[in-house]
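Descriptive analysis of the structure
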Amino acid sequence: MKLKTFLGAASAVALSASMAYADGHSKKFDFPDLDGEQLTVVSWGGAYTKSQVEAYHKPFIEGTGAKIVSEDYNGGLAEIKAQVEAGNVSWDIVDVELSDAVRACDEGLAEELDMSALPDGMDGTPAMDDFIAGTLDVPCAVPTIVWSTIFAYDSSEMENGPKTIADFFDTEAFPGKRGLRKSPKANLEMALMADGVAADEVYDVLGTDEGVDRAFAKLDTIKDDVVWWEAGAQPPQLLADGEVAMTTAYNGRIFNAVAAEDKPFNIVWDGQVWDLDLWIIPKGAENKEAAMEFLKFSTSTQALADQASWISYGPTRKSSAPLVASYHSKPDLQMGPQMPTAPENFSNALQNDFEFWADNQDELNERFNAWLAN
Amino acid sequence: MTDASYHTAPIPGSPTDARGALLAADGTPLKAKLRESMRTSRRRAFMLVLPLLLFVLASFVVPILMLLWQGVYNSTYATDMPRSAPIARAWDGTSPPTEAMAEAMVLDLRDAREAKTIGKVATRVNRELSGTRSLFTKSARRAARMEAPFLDALVDVDEDWGKVETWGAIKIAATSLTPAFYAAAVDAKYTATGDFEMRDEERQIHVSLFWKTIWVSGAVMLACLLLGYPIAYLLAHLPMRTSNLLMILVLLPFWTSLLVRTTAWIAMLQSQGVLNDIFVFLGVTGDDQRFSLIYNMTGTLIAMTHILLPFMILPIYSVMRAIPPSHVRAAKSLGATNWTAFWRVYFPATIPGIGAGGLLVFILSIGYYITPALVGGQDGQLISNFIAFHMQRSLNWSLAAALGGILLVIVLVLYWLYDRIVGIDNMKLG
C-alpha cells in the first residue's frame, strides 16, 4: 500500500518544521489580499482545533488580513443540513469525516470544488498526484489528515500492558473498565478483529447477519465493563481519572495527553481503524471565495506538515511527509513514529469503509441502541 | 346587568322607547350602544394581545403542527423521482418488477444524478431497506449509459434490482403520506402490501424506551415529592429568618445552570469521586469495589431528582403558606392527634400544590434530555435522547417527528387523566 510507505520516511528526516515555517509560508504560498473578510471555520475542538489554529489559521490571517472565527462542533451533518435548508449558511468551511463528506456531496449540502485550483506540492508534484491515491475522489471535499481509532492504556497502572486488539476484550487477563465510543462504528470492526477476523475481511463478515451477530456477541463479553464516551476529549480524561483501565480513542488525543501533559499513556496500534478528515464548503456559504482560499492554503504541503508538528495525525499529501519533523515544543519527540501510518503501526490496520456505513448505519445504529438499552 | 333589569327598573326621568327600554342620548337603544362600546374595547384588548398571539402561533403552534405533519409526510422520493414514484405506488407489491418500472427508474436516476438529489433519494429508500443506498448511487452513476431493455441493464449492475424486496422499499418510499415512520416509532414495519409487522426482536427499542421514560418520570416525581414535601413544610413553618435562608438554599441551585449542576454530580458520583472516596474512607466499601453511581440509571435518577426538586418544592410551599394555622389548631382542640390533624386537615389542603408540582415535574422529566445524555451511560437514556439522535445524527427527521408526536400524545393523555382524577382547576402554581 502506498500509504504505508510514504509516512514512514518522515521519521528519517530531521528537518525542523519550525525553521521551514518562517520562510515557507511567505514565499511558497501566494496569499490573496482578503483584508476585511471574515471566515467561520468549524472543527472538532480541543487539541485538534488547536493544531489547525497554529498551522492554518495564524499564518493565513497574517498572510491575507482576513479574520477567522473558529467554532467547534461534534461531527455529523445535522447543523449543515439545517443551515442549508434554511438558506442561512453561517459556516464557511467545515472539517468532516469521510462518510459525512460523501453524504454531504450526494445530498447537495456541499459545494463542488475545483480540484485543479489546489496548489502543486512543494516538490512540484501536481496536486492530483500529490494527495494519497483515492483521497481526492469526493468532488466536494479535500482531505487534510489521516486519523485513527486506536486503544490506549495507562502504563503506570499496568506494567505488562495489552499488546493486541484481542487483549482489549480479555477482561480476565486485563481486568478493569473499558472505554468505548457510543456508536457501532469502529466498535463492531474492532470486535471482529479481536475475534480473529483478518482486517481485509472485516467488512465482508460484517455484511452478513451472522457477522453482525458475531460482533455483538464479542461486545457482549465486555458489555458490563464498558464506560461509553461521545466526545473525543473524553477518553484521555477517563484514563487520567482512572475511570477505565483502557479505552478506545482518536490517536491524536492520546498523543496530545502524552506530549503536552506528560501522561503515561500507551497506544496499542494493533487493530486500528483509520479514516480521513476533510474540508467541505457548505452549499451557499457566505464567504465561499475566501473559504476556498483558506482551503487551498491549509491543504498546501507546508501547512499540512506544520499541523503534524502539533498533533499526530498524518498529512494527506505525499510531499508533506519529508517535512514532518518533531513535536513543536519538544525537539526530541519525532512525529514520524506517532503517525497511524508509520509502518510499525500499520501492520494490522483497517480503513473505515464509508460505503458500508452509509448503507447499513440505520440498521446497525438501531441494533446497537437496542443492544445498549437492554 | 341582565336584560330584565332594563325593563323592570328604568331610572326615573331617563328616555325610554315604546316598550320601556332605555335609550341613549342619540335615541338608539342603550343595549345596542353598550354592545357597540364593548365591541370596541374588546377589539382594543384583542389588538393588545395580538402580537403575543401571533408569536405563540408562529413559534409554538405552527412548528408543532409542522413536526406532526413531517411524521406522516415525506415527499423526498415523490419530488425527486417523478416518473418512477407513481408507477411504484401503483405496483401491487408482490409481482415481479416490470420493464415499465425499470425504464422510469433509469430515467429518474439519470435526472437525479444531474440534479444532485440522488443522495437524498437513496437515503430515503435506505431507511426502508439497508443496502439500497449504494444500490441507488452506484446505479445512478451508470444510468447515463444504460439502454433498453432497462430491467436487464439494472440487474446487470446489481441483481438486487430483480428482487421484489427492493421494489417494495421503493414503493414505501414513493408514498409521501405514509404511516411508515409512526410504525417505526413503535417498533413495527409497514410493508409494501400495506400490512404492519413487528421488527426483529433485537432491533426493537422504542416501545420499551417509552415505558422506561414514563417509569423514570414517575420515579423522579415520587422522589421529588418525598424529598420536597418536608422541605416545603419547613419553609412554610420555620421563623422568617431561618426560612429565608432555607429558601435561598432552594433557589440557588434553581438559578444555577443545568449543565453546571449536572457536571457537579459527575464529580460527586463518579467512581473516583467525592462520595465514593468518603465511602472508602469510612470503610463502607473496598477501594477496588467502588459503587457505580453514575453513567447508569442511578445517576440519571439522582441528577434529575435534584434538578427538578425546586419545581416540586415551590408550588407546595406557596399552597402551604396560604393554609391558616388556625385549622390545625382547631382540629387539635377538637381532640385530633398530631397525625390525624396533619393527615385529615393539613394534607388535603396541600393537594393542589402536590398536583401542580407533580404534573410539572412529570411533564418536565418526560421530555428530559441533557441530563440523561450526560450521566445516563448506556441504560439511563430516555426517549428524548433518541429523538435528538435522529435529529442530529441519523438525520431521520421524520422518525424523530413521529417519536415526538407520540410523546406529545402521551403528555396530553396524562394531562387529561390528571384533569379527570384531580381536576385541573384544583392545581395551584403559587
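All values derive from a computational prediction rather than experimental measurement.

With respect to the overall build of chain A
Regarding its fold elements, chain A presents 15 helices and 12 strands. Taken over C-alpha atoms, the radius of gyration comes to 20 Å for chain A, in line with the 21 Å a tight globule of 374 residues would show. Taken along the three principal axes of its C-alpha coordinates, chain A extends 60 × 50 × 35 Å. Within chain A, buried positions represent 56% of all 374 residues.

Side note on the pairing of strand 7 (residues 246-250) of chain A
All names here are of chain A. The buried fraction of strand 7 is high, at 5 of 5 residues. Side chains M246, T248 and Y250 of strand 7 all project onto a buried face; the interleaved residues T247 and A249 project onto the opposite face, where all are buried too. Across 2 bridges, strand 5 (residues 178-181) lies against strand 7 in parallel orientation. When the bridges of strand 7 are listed, R178 appears paired with M246.

Side note on the interface of chain A and chain B
Tallying the contact residues gives 26 residues for chain A and 32 residues for chain B. Elements with a minimum of two residues in the side of chain A that touches chain B: helix 4 (78-86), helix 5 (98-106), strand 6 (226-229) and helix 15 (354-373) of chain A. A per-element tally of the side of chain A that touches chain B places helix 15 of chain A first, with 13 residues. Residue composition of the side of chain A that touches chain B, by class: 8 nonpolar, 6 polar and 12 charged.

So, the packing of helix 6 (residues 118-128) of chain B against helix 9 (residues 164-174) of chain B
Residue and element names in this part refer to chain B. Running from N to C, helix 6 and helix 9 point in directions that differ by 115°, and their axes come no closer than 8 Å. Judged by the inter-axis angle, helix 6 sits roughly perpendicular to helix 9. The two elements helix 6 and helix 9 cross, and the hand of that crossing is right-handed. Between helix 6 and helix 9, the residues in contact are R124, V125 and E128 and A169, I170, I172 and A173, respectively. Split into classes, the residues belonging to the contact of helix 6 with helix 9 amount to 5 nonpolar, no polar and 2 charged.

Remarks on unusual backbone geometry
The amide bond that connects A148 of chain B to the next residue, P149 of chain B, takes the cis arrangement and shows omega of 0°. Looking at the secondary structure, you find P149 of chain B in the loop between helix 7 (132-143) and helix 8 (150-157). Located in the positive-phi region is D262 of chain A, a residue other than glycine, with phi close to 55°. Summarising the element assignment, D262 of chain A is placed in the loop between helix 12 (251-261) and strand 8 (265-280). A count of 8 C-beta atoms within 10 Å places D262 of chain A in the exposed class. The backbone of Y295 of chain B sits at a positive phi, close to 65°, despite the residue not being glycine. What makes Y295 of chain B buried here is the crowd of 25 C-beta atoms within 10 Å.

About the thresholds
- Residues numbered from 1 in each chain as written.
- Chains lettered and ligands numbered in written order.
- Predicted model: local features only at pLDDT ≥ 70, side-chain atom pairs only at ≥ 80, totals over all residues.
- Helix = DSSP H or I, 4+ residues; strand = E, 2+ residues; numbered from the N terminus.
- Rg over C-alpha atoms; globule rule 2.2 N^0.38 Å.
- Buried ≥ 20, exposed ≤ 12 C-beta atoms within 10 Å, placed from the backbone.
- Pairing = 2+ DSSP bridges.
- Contact = placed C-beta atoms within 7 Å.
- Nonpolar A, V, L, I, M, F, W, Y, C, P; charged D, E, K, R; others polar.
- Axes fitted to C-alpha atoms, helices over the stretch in contact; angles between N-to-C directions.
- Parallel < 35°, antiparallel > 145°, perpendicular 65-115°, else oblique.
- Left-handed = near helix turned anticlockwise from the far one by under 90°.

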